[in-house]
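Listed below are the residues making up each chain.
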Amino acid sequence: STSQNPYIAGHPSDIIVGGGVDLIVNEAIKVARGTSSDTLNCVRAFNTYQWQPGKITTFVLPVIDIEILIEKLSKVAEDLSGSEQTNILKQVTNWQTVLKNYRSHNTDLTQIFSADNTLFLSMLKSFKRFKSGGISKSDFLQAFDSFLGTS
């Protein structure tokens, strides 16, 4: 089961597995002694950053959690302005793209499984007829030719 909650079944309980790289950036304030031209300041402070190697990672997110996150981010963006609002709306767009790609791929998978299921049921029907003696061995093998690529 992809859902711990029986009321959230079906599509919202689907999960998305993704991958990426976790980058670690340490930010610090570096304190240094002032130069000789700094007669008023004996101590100087400035921001410094340290990048550490990334680690390849995998994540699993339920679709329902992404949909809730989009809703919450949209509400937060309503109360903001300027670059903060732009950044939040960019995240909303990114998550919407993730769901759009997931849904288009999900449709492709449904069609693939549907075609495979039709072929499987046809093969199963031929096998049952063969097993009961209602189909000859050559007719039985012919039913599998397209699947096995032997024709």
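All values derive from a computational prediction rather than experimental measurement. (Residues numbered from 1 in each chain as written. Predicted model: local features only at pLDDT ≥ 70, side-chain atom pairs only at ≥ 80, totals over all residues. Heavy atoms only, no water.)

1. Looking at the overall build of the protein chain
(1) Moving on: Helix and strand content of the protein chain: three helices and two strands.
(2) Moving on: Reading the protein chain from its N end, one meets helices and strands in the order β-β-α-α-α.
(3) Moving on: Burial statistics for the protein chain: of 151 residues in total, 13% are counted as buried.
(4) Moving on: Contacts spanning at least 24 positions in sequence make up 57% of the contacts within the protein chain whose residues lie at least 6 apart.
(5) Moving on: Per element, the accessible surface of the protein chain, about 12000 Å² overall, is 57% carbon and sulfur. (Helix = DSSP H or I, 4+ residues; strand = E, 2+ residues; numbered from the N terminus. Buried < 20%, exposed > 50% of the residue type's maximum accessible area, 1.4 Å probe, protein only. Contact = heavy atoms within 4.5 Å. Areas by Shrake-Rupley, 256 points an atom, 1.4 Å probe, with all protein chains shown as cover.)

2. A few points about helix H1 (residues 63-78)
(1) Moving on: With 16 residues, H1 ought to run about 22 Å at 1.5 Å a step, and its terminal C-alpha atoms sit 23 Å apart, in line with that.
(2) Moving on: Those residues of H1 lying buried are Val63, Ile66, Ile70, Leu73 and Ala77. Down the axis, H1 shows its buried residues gathered within 85 degrees of arc, on one side only. Those residues of H1 that are exposed and aimed more than 90 degrees away from the buried face are Glu71, Lys72, Lys75 and Glu78. (Expected span 1.5 Å × (residues − 1). Arc of directions from axis to C-beta.)

3. A word on the environment of Val60
(1) Moving on: Structurally, Val60 is set in strand S2 (residues 43-62).
(2) Moving on: The sequence separation of Val60 and Val17 amounts to 43 residues, and the corresponding C-alpha distance is 4.6 Å.
(3) Moving on: When residues no more than four places from it in sequence are discounted, the contact partners of Val60 are Ile15, Ile16 and Val17.

4. Quick word on the confidence of the model for the protein chain
(1) Moving on: The predicted model of the protein chain averages 76 in pLDDT, with 67% of residues at 70 or higher.
(2) Moving on: Summarising per-element confidence for the protein chain, the mean pLDDT is lowest in helix H3 (residues 137-148) (66) and highest in H1 (91). (pLDDT = per-residue confidence, 0-100.)

5. A closer look at the nonpolar core
Burial of nonpolar side chains together is a common tendency in soluble globular proteins.
(1) Moving on: Listed in full, the ten residues of the largest apolar core are Ile16, Val63, Ile66, Ile70, Leu73, Ala77, Ile88, Val92, Leu99 and Tyr102.
(2) Moving on: A total of five residues in this core trace back to one element, the largest contributor, which is H1.
(3) Moving on: Residues within four places of Ile16 in sequence aside, it is in contact with Phe59, Val60, Leu61, Val63, Ile66, Val98, Leu99 and Tyr102. (Core = buried A, V, L, I, M, F, W, Y, C linked by side-chain atoms within 4.5 Å.)

6. Quick look at a nonpolar patch on the surface
(1) Moving on: A cluster of nonpolar side chains, namely Val21, Leu23, Val25, Tyr49, Trp51 and Ile56, defines an oily patch on the protein surface of about 720 Å² accessible area.
(2) Moving on: Looking at the nonpolar patch, the elements that each hand over two or more residues are strand S1 (15-33) and S2.
(3) Moving on: Among the structural elements, Tyr49 can be located in strand S2. (Patch = residues over 30% accessible without salt bridge, like charges linked within 9 Å, V, L, I, M, F, W, Y side chains within 5 Å. Salt bridge = Lys/Arg side-chain N within 4 Å of Asp/Glu carboxyl O.)

7. Here's the deal with the environment of Val17
(1) Moving on: Relative to the helices and strands, Val17 resides in strand S1.
(2) Moving on: In this structure the C-alpha to C-alpha distance between Val17 and Thr58, which are 41 residues apart in sequence, comes to 7.1 Å.
(3) Moving on: In contact with Val17, not counting residues within four places along its chain, are Thr58, Phe59 and Val60.

8. Considerations on the environment of Asp65
(1) Moving on: Considering the arrangement of structural elements, one finds Asp65 in helix H1.
(2) Moving on: For Asp65, a relative accessible area of 40% translates into the label partly exposed.

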